[in-house]
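Here are the chains, one letter per residue:
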Amino acid sequence: MTLDSKVPGGPVSEKWTRHKFDMKLVNPANKRKFTVIVVGTGLAGASAAASLSELGYQVKAFCLQDSPRRAHSIAAQGGINAAKNYQNDGDSVYRLFYDTVKGGDYRSREANVYRLAELSVNIIDQCVAQGVPFAREYGGMLDNRSFGGAQVSRTFYARGQTGQQLLLGAYSALCKEIAAGGVKMFPRREMLDLVVVGGRARGIVVRNMVDGSIESHAGDAVILATGGYGNVFYLSTNAKPCNVTATWRAARKGALFANPCFTQIHPTCIPVHGDCQSKLTLMSESLRNDGRIWVPNKSGDKRPPGQIPEQERDYYLERKYPSFGNLVPRDVASRNAKEVCDKGRGVGSTGMAVYLDFRDSIQRLGRSTIEARYGNLFQMYEKIVDDDPYQVPMMIYPAIHYTMGGLWVDYNLMSNLPGLHVLGEANFSDHGANRLGASALMQGLADGYFVIPYTLGHYFASNRLDPVKAEAPEFKEAEQSARQRIQKFLSLKGKKTVDEFHRDLGLLLWDKCGMSRNQAGLEEALRKIPEIREEFSKNLVVNGSADSLNQSLEKAGRVADFLEFAELLVLDALERKESCGGHFREESQTEEGEALRDDVNFCHVSAWEWAGEGKKPILHKEPLVFDEVHLAQRSYK
Amino acid sequence: MANTINLTLKVWRQKSSDSPGAFEIYQAHDIDTDLSFLEMLDVVNINLEKNGKEPIAFDHDCREGICGCCGAMINGQAHGPEHGTTLCQLHVRKFRDGDTLVIEPWRSRAFPVVRDLIVDRSAFDRIIQAGGYVTVRTGSAPEAHSLPVPKIDADEAFDSAACIGCGACVAACPNASAVLFVGAKISHLALLPQGRVERERRARAMVERMDLEGFGNCSNHYECEAACPKEISVRNIARLNREFFRAFVKG
Ligand SMILES: Cc1cc2nc3c(=O)[nH]c(=O)nc-3n(C[C@H](O)[C@H](O)[C@H](O)COP(=O)(O)OP(=O)(O)OC[C@H]3O[C@@H](n4cnc5c(N)ncnc54)[C@H](O)[C@@H]3O)c2cc1C
Ligand code: FES
C-alpha cells in the first residue's frame with residue numbers, strides 16, 4: 001500500500017487556496033441527497049455537523065453523553081491559538097506554522113500545519129460572532145496570553161474555561177441546525193463498529209446506552225471525531241469515557257493507525273494521591289506564565305517550602321533554558337520534572353511532585369491580578385488538595401493528557417478507507433510528536449468549521465456512490481458481532497472488575513511506555529499486555545443485562561479495545577528507536593539528556609495496518625518532506 | 001497515613017424510567033477522606049460488582065466540575081453540602097465518620113429518572129434548540145475586532161455563560177422551575193452585541209419551550225442560586241423577565 005497524502009502542489013502558503021479552487025463542488029440542490037454520519041460532537045464533531053448541515057447535507061450526529069454539550073472538549077482550560085498578531089509582537093501565520101512544526105519536533109506534515117495556522121484567524125472571528133465571551137481588555141478588544149513553546153502572545157482565552165465556551169459555541173450552532181432539521185442528534189449512543197460496503201465506509205453500528213438496543217445507521221460518508229485515547233493509561237486528565245473504541249474498530253476494518261506512540265504528558269497536573277483515584281486533574285499550562293517551577297537543591301529536603309531559603313531552591317527550568325524558562329514546551333517540562341524527582345529532589349508525601357510557586361508574581365502583580373487570571377484554577381486546586389495556593393506553592397507532576405497519534409488521514413482529512421474522514425484529536429495530522437498548548441482546540445475547530453465542509457463535498461462530487469441501506473448484510477454482520485462481544489462479557493462471571501483490569505493496564509503502560517521508554521521495558525510490556533488480555537477474557541465480571549443501561553458493560557467494551565490497542569502503541573514505541581517530542585527513547589538522547597531525533601531513519605509517519613487477530617500489524621511509512629522549515633535539533637535554551 | 005471514615009449510604013435504586021424505585025442501604029467502609037464523592041461511589045460499586053450485584057448507575061464525565069454530567073441530591077441538597085461545588089468536586093473529607101447520606105436523583109417532572117441516579121435532562125437541550133444561539137453561518141463572521149465589546153459586558157456575559165447545564169437549579173427549586181438555566185443563556189446572549197439582534201425572538205421561543213417541557217414557575221425562593229455549583233446569580237432571572245417583557249411589548 002502506498003500512502004498518498006494528496007498534498008497539493010505549489011508554495012505552502014498557496015496550497016489551500018489553490019486546492020479549494022481545484023476541488024469539485026456539489027450542486028446546492030443535490031447536497032440534501034447525501035447523508036453524513038458524524039460520530040462525536042466535541043469541538044471537532046459539533047463544528048463539522050453544524051457546518052455541513054448549513055451547507056445542506058443531511059447529518060446524523062452521535063455522542064456518548066446525554067447531551068453534546070458535555071463532550072471532553074468542555075474541560076479545556078487555557079486557550080486557543082490564532083495568528084491574529086493583535087499584540088503587534090511579531091506573530092504571523094508563518095510564525096504559528098513554524099512554531100507548530102518545531103514544537104512537534106518535525107514529525108508533522110508541513111502542508112497540514114500551514115493550513116491550520118492560516119485558518120486559525122477565521123476561528124476566532126467565527127467564535128466571537130457566536131457569542132463566545134473571550135477575555136477582553138478595557139478598550140473592548142480581545143486579550144491574549146502566552147503559552148508554552150511560543151515567544152509571542154497569541155492565545156485567546158475565556159478565563160480558565162476556554163474549552164467550555166468554545167464548545168458551548170459549537171453546541172449552539174449544532175442546536176440551531178437540529179432545530180432547522182438538518183442534523184438529527186443521537187445522544188447516549190456508543191459506536192461499536194464501522195461498516196464498510198464495497199470498499200467504502202458507509203455506516204456505523206451503535207449501542208443505545210439507555211435500552212441496550214443495537215442500531216445500524218447507513219450514510220454516504222462517516223466522520224469520526226471521537227477524541228483521543230489517553231485513557232489507555234487509566235489515569236489521565238481525560239474525561240472518564242474517553243476511549244479508543246471508535247478509531248480502533250475502524251482500524252480493524254482497514255483504516256491505518258498513525259503514530260500511536262506519540263502521547264503527550266502534561267507537566268502541570270495535580271499529583272497522584274492514592275489507589276482509588278479515578279482520574280488526574282490538569283492545572284492549566286497558562287499557570288506557567290506567572291508560576292515558577294522549583295525543587296529544593298538538596299535531595300530529601302523535607303522542610304516546608306516556606307522554610308527553604310531562596311539560595312537553596314533550584315528553579316531548574318529557568319536555569320537550564322534561560323530564553324524560554326518556565327515556558328518550554330510540555331515534553332521538555334515534563335521530562336525535567338521526572339528527572340529531578342528521580343534524583344530524589346521531588347517534594348510532597350510521595351516525592352513525586354515539584355512546586356509551582358506564585359509567591360513572586362503575587363508580590364509583583366498583587367493577589368487580585370492573579371485571582372482574575374487563574375481564580376477558578378486556584379479554587380479547583382484547593383478543592384482537590386485542601387491547600388491554599390495563594391499561601392503555599394502548588395504541587396504538580398506530569399500526567400498523560402493528549403494523544404498526537406490517531407487514524408491516518410490525507411490532506412483532505414480522509415483516511416485510507418474511502419469515505420472515512422477523521423477530525424480533531426482522533427486523527428494524527430497536525431501536531432507531530434508533541435502538541436503545543438492551545439493548539440488542540442484550534443485544530444478541532446479548523447477541521448470541523450473550515451476543512452471538512454470543503455473536502456467532503458469534493459469526495460461526494462468525485463465518486464459515484466451506490467445507495468446503501470442499513471439492512472445490508474454488512475450491517476447485519478457487524479450487529480451480530482457486536483452482540484456476541486456483549487454476550488461474552490456478560491457470560492464470563494469472573495472475579496475482577498473492568499476498572500481493576502484497566503488500572504493494571506494503565507500502570508504497566510505508564511511504567512514502561514510513559515515519560516521515558518527503553519527497549520527492555522517495551523519488550524516486557526509487549527509480553528505482559530497479552531497476559532492481561534488473556535486474564536480479562538476469562539476472569540472479568542460484568543453484572544446486569546445487555547438490554548438496559550449498564551455502565552460496567554460500556555466500560556468492558558472500551559477496556560477490551562484498549563487492551564488490543566495498547567499492544568500497537570507499545571510496538572510503535574519500540575520500532576521508533578529515535579527520541580522525538582513526547583516520545584523519549586532512553587537510548588537516543590543528547591549529552592545534556594535532551595531528545596535526540598534520527599532524521600535519517602525516522603523522518604516518517606508510521607501508519608499501522610491491522611493484520612488480524614494474533615498477527616503482527618503491518619507498518620507503512622509516509623515520508624515527511626520539509627521544504628519550508630529547516631530540520632534542526634530543537635533548542636529552547 | 002490517609003484518614004479514613006465509614007459512611008452509611010441510602011441510595012435510590014431504580015432499574016428504568018418505567019419501573020418502581022426504592023432506597024437500598026450500603027456501608028462504605030474505610031473510605032480515604034481524600035477521595036472525591038464519586039470515587040467513594042466507585043469503591044462501593046466495585047464491591048457490589050464483586051458480590052454479583054449491579055453497581056449504582058450515576059452520570060459523570062469530566063470529574064472536574066465543568067461538563068455538568070454529575071449530580072444527585074445528598075441529604076436533600078443538590079450536589080451535596082459544599083457551596084459552589086459539583087458532586088464530582090465534593091470530597092469525602094467534607095463528611096464525618098459515621099454519617100448517613102441519603103443519595104437520590106434530581107426530582108422533577110421534566111427530568112424523568114433513566115436509572116438509579118441518572119435522569120433525562122434532554123429538556124434543557126430542547127430549550128437551547130428553541131433559540132439559545134446566534135444565527136450565524138460558518139464562514140460569515142466579520143473580523144473579530146470589527147466590533148469592540150466593553151470589558152464589563154464581556155465579563156458579565158461570561159458569568160452567565162459559565163452555566164454547566166447540570167440541572168441542580170431545577171432539582172433545588174420547590175417548583176422545579178428552570179428559569180435560572182434559561183435566564184443564564186438569555187442573559188449571556190443579550191449582554192453581547194452579537195446576540196442582541198435576535199433577543200426578542202430568542203426570549204419568546206425559549207420561555208415558550210420551557211413552559212412546554214413541564215418546568216414549574218418561579219416564585220422567588222432563590223434555592224436555585226444557592227444550589228448552583230457555578231454560582232450563577234439570580235440576576236439572570238431578572239434579566240430573563242426583562243427580556244421576555246421587552247419581547248412581549250414589541251409583539
Ligand atoms: C483537562 C484538559 C485541558 C485541555 N486544555 C486545552 C487547552 O487549553 N487548549 C487546547 O487547545 N487544548 C486543550 N486540551 C485538549 C483538547 O481539549 C482536546 O484535544 C480537544 O477538545 C478534543 O476535541 P475533539 O472534538 O477531537 O474530541 P472530544 O471533545 O474528546 O469529543 C469526542 C466526542 O466523541 C464522542 N465519542 C467518543 N467515543 C465515542 C464512541 N465510541 N461512540 C460515539 N461517540 C463517541 C464523545 O461523546 C464526544 O462527543 C485539553 C485537554 C484536557 C484533557
Ligand atoms: S462529572 Fe463533569 S461536572 Fe461533575
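Residues numbered from 1 in each chain as written. Chains lettered and ligands numbered in written order. Predicted model: local features only at pLDDT ≥ 70, side-chain atom pairs only at ≥ 80, totals over all residues. Heavy atoms only, no water.

1. Examining the site of ligand 1
Residues and elements named next belong to chain A.
Here is step 1: Residues in contact with ligand 1 amount to 37 residues; listed here are only the nearest, Gln65, Ser73, Gly78, Met191 and Glu425.
Here is step 2: Between ligand 1 and the protein, one listed contact pairs an oxygen atom with a backbone N or O atom of Leu441 at 2.8 Å.
Here is step 3: Out of a free accessible area of 1000 Å², ligand 1 has 98% covered by protein chains.
Here is step 4: Taken together, the elements giving at least two residues each to the shell around ligand 1 come down to α3 (43-55), β6 (189-197), β15 (394-403) and α12 (440-462).
Here is step 5: Here the shell around ligand 1 takes three residues from β6, the largest share from any one element. (Near = heavy atom within 4 Å. Polar contact = N/O pair within 3.5 Å; in protein donor to acceptor, adjacent residues only side chain to side chain. Areas by Shrake-Rupley, 256 points an atom, 1.4 Å probe, with all protein chains shown as cover. Helix = DSSP H or I, 4+ residues; strand = E, 2+ residues; numbered from the N terminus.)

2. A few points about the packing of aromatic side chains
Here is step 1: Using the criterion set out here, one finds 33 aromatic pairs over all chains in the structure.
Here is step 2: Between the aromatic rings of B:Trp12 and B:Phe23, the centroid separation amounts to 5.2 Å while the plane-to-plane angle is 80°, which identifies the pairing as edge-to-face. Taken together, the residues B:Trp12 in strand β1 (residues 4-14) and B:Phe23 in strand β2 (residues 21-32) connect sequence positions 11 residues apart.
Here is step 3: With a relative accessible area of 13%, B:Trp12 lands in the buried category.
Here is step 4: On the basis of relative accessible area, B:Phe23 is assigned to the partly exposed category, the value being 34%.
Here is step 5: Aromatic rings pair up to connect A:Tyr229, A:Trp248, A:Phe257, A:Phe565 and A:Trp610 into one cluster.
Here is step 6: If you follow A:Lys20 out to its NZ or CZ, it ends over the ring of A:Tyr454, 5.5 Å from the centre.
Here is step 7: Above the face of the A:Trp294 ring, A:Arg313 is positioned so that its terminal group lies 4.0 Å from the ring centre. (Phe/Tyr/Trp six-rings, centres within 6.5 Å; stacked < 30°, edge-to-face > 60°. Buried < 20%, exposed > 50% of the residue type's maximum accessible area, 1.4 Å probe, protein only. Lys NZ or Arg CZ within 6 Å of the ring centre and 35° of its normal.)

3. Let's talk about unusual backbone geometry
Residue and element names in this part refer to chain A.
Here is step 1: Its identity is not glycine, yet Asp105 carries a phi of approximately 55°, on the positive side.
Here is step 2: Of note, Asp105 is situated in the loop between α4 (93-103) and α5 (110-130).
Here is step 3: On the accessibility criterion, Asp105 (2% relative accessible area) is buried.
Here is step 4: Located in the positive-phi region is Ala438, a residue other than glycine, with phi close to 70°.

4. Description of the interface of chain B and chain A
Here is step 1: Contact with chain B, which involves 75 residues of that partner, is made by 75 residues of chain A.
Here is step 2: For the chain B and chain A pair, buried surface summed over both sides reaches about 6200 Å², with 52% attributable to carbon and sulfur atoms.
Here is step 3: Taken together, the connections running from chain B to chain A amount to seven salt bridges.
Here is step 4: Residue A:Arg159 pairs with B:Asp159 through a salt bridge whose shortest N-O separation is 2.9 Å.
Here is step 5: At the junction of chain B with chain A, the criterion picks out 43 residue pairs in polar contact (both at pLDDT 80 or more).
Here is step 6: Counting residues per element, the ones that place at least two in the side of chain B that touches chain A are α1 (37-50), β6 (113-115), β7 (118-119), α2 (122-131), α3 (151-161) and α5 (179-190) of chain B.
Here is step 7: Counted by class, the side of chain B that touches chain A contains 37 nonpolar, 17 polar and 21 charged residues. (Contact = heavy atoms within 4.5 Å. Buried area = accessible area lost by both parts, 1.4 Å probe. Salt bridge = Lys/Arg side-chain N within 4 Å of Asp/Glu carboxyl O. Nonpolar A, V, L, I, M, F, W, Y, C, P; charged D, E, K, R; others polar.)

5. Examining the pattern of salt bridges
Here is step 1: Inspection of the entire model under this criterion finds 79 salt bridges over all chains.
Here is step 2: The salt bridge involving B:Arg115 is made with B:Glu54; its shortest N-O contact spans 2.9 Å. Residue B:Arg115 is found in strand β6, and its partner B:Glu54 is found in the loop between α1 and β3 (73-74); the two are separated by 61 residues along the sequence.
Here is step 3: Here B:Arg115 falls in the buried class, since its relative accessible area comes to 3%.
Here is step 4: Residues joined by salt bridges that share partners form a network here, namely A:Asp105, A:Arg107, A:Arg576, A:Glu578, A:Arg597 and A:Asp599.

6. A look at the domain arrangement of chain B
Residues and elements named next belong to chain B.
Here is step 1: Once the domains are mapped, chain B shows domain 1 (4-104) and domain 2 (122-249).
Here is step 2: Computed over C-alpha atoms only, the centres of domain 1 and domain 2 are separated by 30 Å.
Here is step 3: Contact residues are listed per partner, giving 12 residues for domain 1 and 11 residues for domain 2.
Here is step 4: In total, domain 1 and domain 2 occlude about 810 Å² of area from one another, counting both sides; carbon and sulfur atoms represent 59% of this.
Here is step 5: Here domain 1 and domain 2 share zero salt bridges between them.
Here is step 6: Inspection of the region where domain 1 meets domain 2 yields two residue pairs in polar contact (both at pLDDT 80 or more).
Here is step 7: Looking at the side of domain 1 that touches domain 2, its residues break down into five nonpolar, seven polar and no charged. (Domains from an automatic or database assignment.)

7. Some thoughts on helix α1 (residues 15-22) of chain A
Residues and elements named next belong to chain A.
Here is step 1: Of all the positions in α1, only Lys15, Trp16 and His19 are classed as buried. Buried residues of α1, viewed axially, fall in a sector of 90°; they line one side.
Here is step 2: Contact partners of the buried residues in α1: α5 and α12. (Arc of directions from axis to C-beta.)

8. A word on the sheet that holds strand β14 (residues 354-357) of chain A
Residue and element names in this part refer to chain A.
Here is step 1: Taken in spatial order, the five strands make up an open sheet running β11-β15-β14-β12-β13, and their pairing is antiparallel. With one partner strand each, in any of the chains shown, β11 (263-269) and β13 (313-314) form the two edges of the open sheet.
Here is step 2: For β14 and β15, the ladder comprises three bridges, and the chain directions are antiparallel. Paired with Val354 across the bridge in β15 is Ile396. (Pairing = 2+ DSSP bridges.)

9. Side note on the sheet that holds β3(B)
All names here are of chain B.
Here is step 1: In spatial order, the strands read β2-β1-β5-β3-β4; together these five strands make up an open sheet with mixed pairing. Where the open sheet ends on each side, the last strands, each with one partner, are β2 and β4 (77-78).
Here is step 2: Across 10 bridges, the pairing between β1 and β2 is antiparallel. Each residue of the ladder has a partner; that of Lys10, found in β2, is Ile25.

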